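Secondary and tertiary structure notes
Chain by chain, the residues run as shown.
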Amino acid sequence: MTVPEPSAIDLGQIFPMVQGRARTHSHILVADTKLSWQKRRGRAFMLCRSKLRCRPRCLPIRETPSMYDYDMLVIGSGPSGRRAAVQSAKLGKSVLVVEKGRRVGGVSVHTGTIPSKTLRETVLNLSGWRERGFYGRSYRVKQDIGAGDLMARLQKTLDHEVEVLEHQFSRNTVRTARGEACFVSPHEIEITSDVGEKRIVSAAHVLIACGTKPFRPDYVPFNNTTVFDSDEIIELPKLPRSLAVIGAGVIGVEYATIFSALDVAVTLIEPRPTFLDFIDKELIDEFMHELRDRNVALRLGSAVNSIEVGENGRITTKLGDGRHVTTEMLLFAAGRFGATDRLNLEAAGLKVDHRGRIGVNPATLQTEVPHIYAAGDVIGFPSLASTSMEQGRVAACHAFGLNPPPPPEYFPYGIYSVPEISTTGLTEEEVRQKGIPYEVGIARFRETSRGHIMGLNSGIMKMIFSTKTRRLLGVHILGEGATELIHIGQAVLNLKGTIDYFIENTFNYPTLAEAYKIAGLDAWNRMGR
């Protein structure tokens, strides 16, 4: 059946009045976009066939029911927010994304994932880190590296990310509102613009994807000059000669190792006796050895009593064990809180935990209020951009009555430290706790020809197999390219593959991926035939 195509649909003309208020604040709602009916139908049909595994049917765009202004309102434009918005739009729903930042992208684009990884790559390139295995530790591509060198590449990357995201929203007719969102009722959101103008919009479904913000305790003298939180550090005015990092979580470890690669004297302070406890202990032991070899001082099990900024500008951190750490700059990276304090969640019937996080049904991402969803860092672990995107998609599908296939059992966890750490599946400690008979295979990157070509002196891959079923149980990698290599192990895990795949498969030569075969053969030699 052929559906006649209207000349165009102007969403700006069909947007309804809100409680008798005309939409006069044009600076809040951006980019009324015209959409071809037939093209929208085609996209929805393709999505239904390829992504949702539902019976193929056309999903034409429809006007929002008069009782609500939008089918889906998304608070925040980070990974989960953008994915939910685009998925909803592809299903023919009307979508509004509310973003309080100057530009779309959220914490992930502007202060978190993209900036920290861009900074890391810039440091590794300018410092010549990857070539030092051949040319020695004194080798540098650029002798005098300044903060300006780091910021130049960062700004180009951020501009590109924002441009891509804005194009995605425009192409899918996702509308955006710049302002701060606040619940008035479970279905109504008040948006306050930068200049204080307010308006109220309503939505059938709401996704809270506001992300997190750094924990800023009163005893830390933040000044954005020498004492920073994890959002501010990307705009540091100059490179320090020494740096103290408080908090050995993922963020703290990443920044500590990035600055260490610039030959900055780094002290990593952690109140607990261990760190990154979800990573296999053998990898952490290897990682700690590398850090100490690079002269990174580790202060584990040392609580911080006080932080003082002296008259000379130097910062003294006094620890509970009596030690003092004096540095030029300090990064406080001991935790993040859900950015939910200004959402007025009580008006929507929602509560948060002591860290501002929202509880959800992990299968559907629904909160206590069925039509309100939450996804991304604001719901807690694993707080990864990759998993947040999938959470946003699942929430949007569930909101509109679709049941996408369940996510894979195993996902990769990547830490962009120097060197990288990536892991998927069970750690050796977890295998022991479950009482599974197992064997381990180890490969060193220096055992591969590609490792020699790259000048790698370090790098390790650890694989764990069940001796009963021969199935792969976990893969853990420390070294160059770990976050890329991990996906081979993830695929085999989710497909329930065995050690035989690695023994019999052919890998490109020379590559670091050969480490899979080396580790597989190492485990095979130890296993009973």
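Above: the structure in question.
Heads up: these notes are all about the structure in this document.

Our next topic: the overall build of the protein. Within the protein, the regular secondary structure consists of 15 helices and 25 strands. In the protein, the proportion of contacts linking residues at least 24 apart, taken out of those at least 6 apart, comes to 65%. Counting only carbon and sulfur atoms, one obtains 51% of the accessible surface of the protein, whose full area is about 24,400 Å².

The next thing to look at is helix H15 (residues 514-526). Taking 1.5 Å per residue as the helical rise, H15 with its 13 residues ought to reach 18 Å, and the 19 Å between its terminal C-alpha atoms agrees with that figure. Within the sequence span of H15, burial applies to Glu514, Ala515, Tyr516, Ala519, Gly520, Asp522 and Ala523. Summarising the contacts, the buried residues of H15 are in contact with strand E23 (438-444), helix H12 (449-454), strand E24 (460-466), strand E25 (472-478), helix H13 (482-494) and helix H14 (499-504).

So, about the packing of helix H3 (residues 79-90) against helix H10 (residues 385-399). Contact pair H3 / H10: the axes reach a minimum separation of 7 Å and the direction vectors enclose 35 degrees. In terms of crossing hand, the pair formed by H3 and H10 is right-handed. Residues Pro79, Ser80, Arg82, Arg83, Ala84, Gln87 and Ser88 of H3 form the contact with H10, whose own contacting residues are Ala385, Ser388, Met389, Gly392, Arg393, Ala396 and Cys397. Looking at the contact of H3 with H10 residue by residue, the classes come out as six nonpolar, five polar and three charged.

Further remarks concern the side chain of glutamine 391. Turning to its location among the elements, glutamine 391 is positioned in helix H10. In contact with glutamine 391, not counting residues within four places along its chain, are Leu365, Ala375, Gly376, Ile379 and Pro382.

Ranked by internal contacts, the top residues of the largest apolar core, which has 97 residues, are Leu73, Ile75, Phe183, Leu207, Ile208 and Phe259. The residues contacting leucine 207, other than those within four sequence positions of it, are Met72, Leu73, Val74, Ile75, Ser80, Gly81, Ala84, Tyr373, Ala374, Ala375 and Ala395.

What follows is about the sheet that holds E25. One open sheet accounts for five strands, arranged E21-E22-E25-E24-E23; its pairing is antiparallel. The open sheet terminates on both sides in strands that have one partner only, identified here as strand E21 (413-415) and E23. Across the sheet, the mean angle from the axis of one strand to that of its neighbour is 10 degrees, orientation sign disregarded. Pairing between E24 and E25: six bridges, direction antiparallel. Bridging from a neighbouring strand, lysine 462 pairs with histidine 476 of E25. Contacts between H13 and the sheet are confined to E21, strand E22 (421-425) and E25, with E22 contributing the most and set at about 5 degrees to the helix.

When charged atoms on two side chains of opposite charge get close, those side chains can pair. This model, assessed by the stated rule, comprises 27 salt bridges. Note that lysine 281 is salt-bridged to aspartate 285, the shortest N-O span being 3.2 Å. Note that lysine 281 and aspartate 285 are positioned in helix H9 (residues 281-293) at a spacing of four residues, about one turn of the helix. The class of lysine 281 is partly exposed, set by a relative accessible area of 48%. In this structure aspartate 285 comes out as partly exposed when scored by relative accessible area, which is 39%. When salt bridges with common partners are traced through the structure, they connect Asp280, Glu282, Glu428, Arg432 and Lys462 into a single cluster.

Okay, helix H7 (residues 147-171) next. Counted at 1.5 Å a residue, the expected span for H7 with its 25 residues is 36 Å, and the 36 Å between its end C-alpha atoms agrees. Within the sequence span of H7, burial applies to Ala147, Leu150, Leu154, Leu158, Val162, Leu165 and Phe169. The inward-facing, buried residues of H7 abut H3, strand E5 (95-99), helix H4 (106-110), helix H5 (113-127) and strand E6 (175-178). Phi turns positive, to about 55 degrees, at threonine 173, one or two residues after H7.

It is worth spelling out the sheet that holds strand E16 (residues 315-319) at this point. Here three strands make up an open sheet; going across it, the order is E15-E16-E17 and the pairing antiparallel. A single partner strand is all that each edge strand has here, and the edge strands are strand E15 (304-309) and strand E17 (324-327). Taking the axes of each pair of neighbouring strands and ignoring which way they run, one obtains an average angle of 15 degrees across the sheet. Here four bridges tie E16 to E17, and the two strands are oriented antiparallel to one another. Looking at E17, one finds that lysine 318 is bridged to histidine 324.

All right, on to the packing of aromatic side chains then. All told, the structure shown has eleven aromatic pairs when counted by the stated rule. Relative to phenylalanine 337, the ring of phenylalanine 215 lies with its centre 5.2 Å away and its plane at 35 degrees, an arrangement referred to as tilted. Of this pair, phenylalanine 215 sits in the loop between strand E10 (212-214) and strand E11 (227-229) while phenylalanine 337 sits in strand E19 (residues 336-338), and the two are 122 residues apart along the sequence. One aromatic cluster is present, formed by Phe215, Tyr219, Phe222, Phe332 and Phe337 through successive ring pairs. In this structure, arginine 216 packs its charged tip against the face of phenylalanine 222, placed 4.1 Å from the ring centre.

This part covers the pairing of E5. Among the five residues of E5, five are classified as buried, and the element is accordingly described as predominantly covered. Burial along E5 is two-sided: the face carrying Val95, Val97 and Glu99 and the face carrying Leu96 and Val98 are both buried. Crossover handedness for the path strand E4 (residues 70-75) to H3 to E5: right-handed. As paired elements, E5 and E6 share four bridges and run parallel to each other. Paired with valine 97 across the bridge in E6 is threonine 176.

Within the element layout of this structure, aspartate 229 appears in strand E11. There is a polar contact of 2.6 Å between the side chain of aspartate 229 and the side chain of arginine 216. In this structure, aspartate 229 is in contact with Pro214, Arg216, Phe222, Leu331 and Phe332, ignoring residues within four places of it in sequence.

This part takes up the packing of H5 against H7. Where H5 contacts H7, the two axes come as close as 9 Å, and the packing angle between them is 135 degrees. Classified by the angle between their axes, H5 and H7 sit oblique to one another. Note that H5 runs across H7; the crossing there is right-handed. Facing H5, whose interface residues are Ile114, Pro115, Thr118, Leu119, Glu121, Thr122, Val123, Asn125 and Leu126, H7 presents Asp149, Leu150, Arg153, Leu154, Thr157, Leu158 and Glu161. Considered class by class, the residues forming the contact of H5 with H7 number eight nonpolar, four polar and four charged.

Rules used throughout
- Each chain has its residues counted from 1, following the order in which its sequence is written.
- For a predicted model such as this one, the threshold for reporting local features is a pLDDT of at least 70, and the threshold for listing and counting side-chain atom pairs is 80 or more; totals across whole chains, interfaces and linings nevertheless cover every residue.
- As a rule here, side-chain values come from all non-hydrogen atoms in the structure, and water together with hydrogens is ignored.
- Put simply, DSSP H or I for four residues or longer makes a helix, DSSP E for two residues or longer makes a strand, and each gets a number counted from the N terminus.
- Whether two residues are in contact is decided by their heavy atoms, any of which lying within 4.5 Å being enough.
- Method for areas: the Shrake-Rupley scheme with a 1.4 Å probe, in which residue coverage is limited to the protein chains shown.
- In a helix, the anticipated span is given by 1.5 Å times the number of residues less one.
- Only protein chains enter the accessibility calculation, which uses a 1.4 Å probe; a residue whose area is less than 20% of its type maximum is buried, one above 50% is exposed, and one in between is partly exposed.
- With axes taken as lines fitted to C-alpha atoms, and helix axes fitted only over the stretch in contact, angles between N-to-C directions fall between 0 and 180 degrees.
- Each helix crossing is assigned a hand: it is left-handed if the near helix lies turned anticlockwise from the far helix by less than a right angle, otherwise right-handed if that turn is clockwise.
- By the convention adopted, Pro, Cys, Tyr, Trp, Phe, Met, Ile, Leu, Val and Ala count as nonpolar, Lys, Arg, Asp and Glu as charged, and the other residues, Gly among them, as polar.
- Take the buried residues of types Ala, Val, Leu, Ile, Met, Phe, Trp, Tyr and Cys, join any two whose side-chain atoms come within 4.5 Å, and each joined set is a nonpolar core.
- By the convention used here, strands pair only if DSSP detects at least 2 bridges between them.
- In what follows, salt bridge is the name for a side-chain nitrogen of Lys or Arg lying within 4 Å of a carboxyl oxygen of Asp or Glu.
- Any Phe, Tyr or Trp ring, taking Trp's six-membered ring, that has another such ring centre within 6.5 Å forms a pair; planes under 30 degrees apart are called stacked, those over 60 apart edge-to-face, and the others tilted.
- Geometrically, a charge over a ring is one whose NZ (Lys) or CZ (Arg) sits within 6 Å of the ring centre while staying within 35 degrees of the ring normal.
- With the strands aimed away from the viewer, a crossover counts as right-handed if its path from the first strand over the helix to the second runs clockwise.
- Nitrogen and oxygen atoms within 3.5 Å of one another constitute a polar contact, given that in protein one can donate a hydrogen and the other can accept it, and given that sequence-neighbouring residues count only through two side-chain atoms.
- Throughout, the term roughly parallel applies to angles under 35 degrees, roughly antiparallel to angles over 145, roughly perpendicular to angles from 65 to 115, and oblique to all others.

Honestly, it's all geometry; don't read function into it.
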